[in-house]
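The primary structure of each chain is shown beneath.
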Amino acid sequence: MTTIGAHEDRLFAALANTTRREVLRLLRDDGPQPVQALADHFDMRRPSLSEHLKVLREAGLVSEERAGRQRIYRLEAAPLADVQDWLHPYERFWRDRLKGLGDLLDRMPDDDET
């Protein structure tokens, strides 16, 4: 497997989990936060959340900064551009298909014109 493939696998694996997507949403909406503030949103033990944060860190989706005894997490959205790049051909595929359907429907006579 290439390095690029491994990076994409880590990224998609990180995004595959509901808890991790919610962490990203919290960081997007509320900005950088300490672990405890993030943990308050979930019904899980802090070590479990720390595992999710580790996966997000390894995928490059969050960064960690120490501030005294706290660890502050920040969203790093740049890797999401890789997801967008990967999805783009599929978006184009569906856009073309829907345009073709629209063209077909435009050529069909309306039922009201009988």
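Scoring rules and cut-offs
Residues numbered from 1 in each chain as written. Predicted model: local features only at pLDDT ≥ 70, side-chain atom pairs only at ≥ 80, totals over all residues. Heavy atoms only, no water. Phe/Tyr/Trp six-rings, centres within 6.5 Å; stacked < 30°, edge-to-face > 60°. Helix = DSSP H or I, 4+ residues; strand = E, 2+ residues; numbered from the N terminus. Buried < 20%, exposed > 50% of the residue type's maximum accessible area, 1.4 Å probe, protein only. Salt bridge = Lys/Arg side-chain N within 4 Å of Asp/Glu carboxyl O.

Asker: So what's going on with the packing of aromatic side chains? Residues and values would help.
Answerer: Counted according to the given criterion, the structure contains two aromatic pairs. Ring centres of F12 and W86 lie 5.1 Å apart, and the angle between their planes is 65°; this geometry places the pair in the edge-to-face category. Within this pair, whereas F12 is found in helix α1 (residues 3–15), its partner W86 is found in helix α5 (residues 80–107), the two being separated by 74 residues in sequence. Judged by its relative accessible area of 30%, F12 is partly exposed. Using a relative accessible area of 39% as the deciding quantity, one classes W86 as partly exposed. Put simply, the rings of F12, W86 and Y90 pair up and form one aromatic cluster.

Asker: Explain the pattern of salt bridges to me, and be specific about the residues and the numbers.
Answerer: Summed over the entire model, instances satisfying the criterion amount to six salt bridges. R28 is the salt-bridge partner of D29, the closest N and O atoms lying 2.8 Å from each other. Taking the relative accessible area as the measure of exposure, D29 reaches 41% and is therefore partly exposed. Measuring nitrogen to oxygen at the nearest pair gives 3.9 Å for the salt bridge that ties R74 to E65. Looking at E65, the relative accessible area reads 46%, which means it is partly exposed. In this structure, a network of salt bridges that share partners links the residues E22, R25, R28 and D29.

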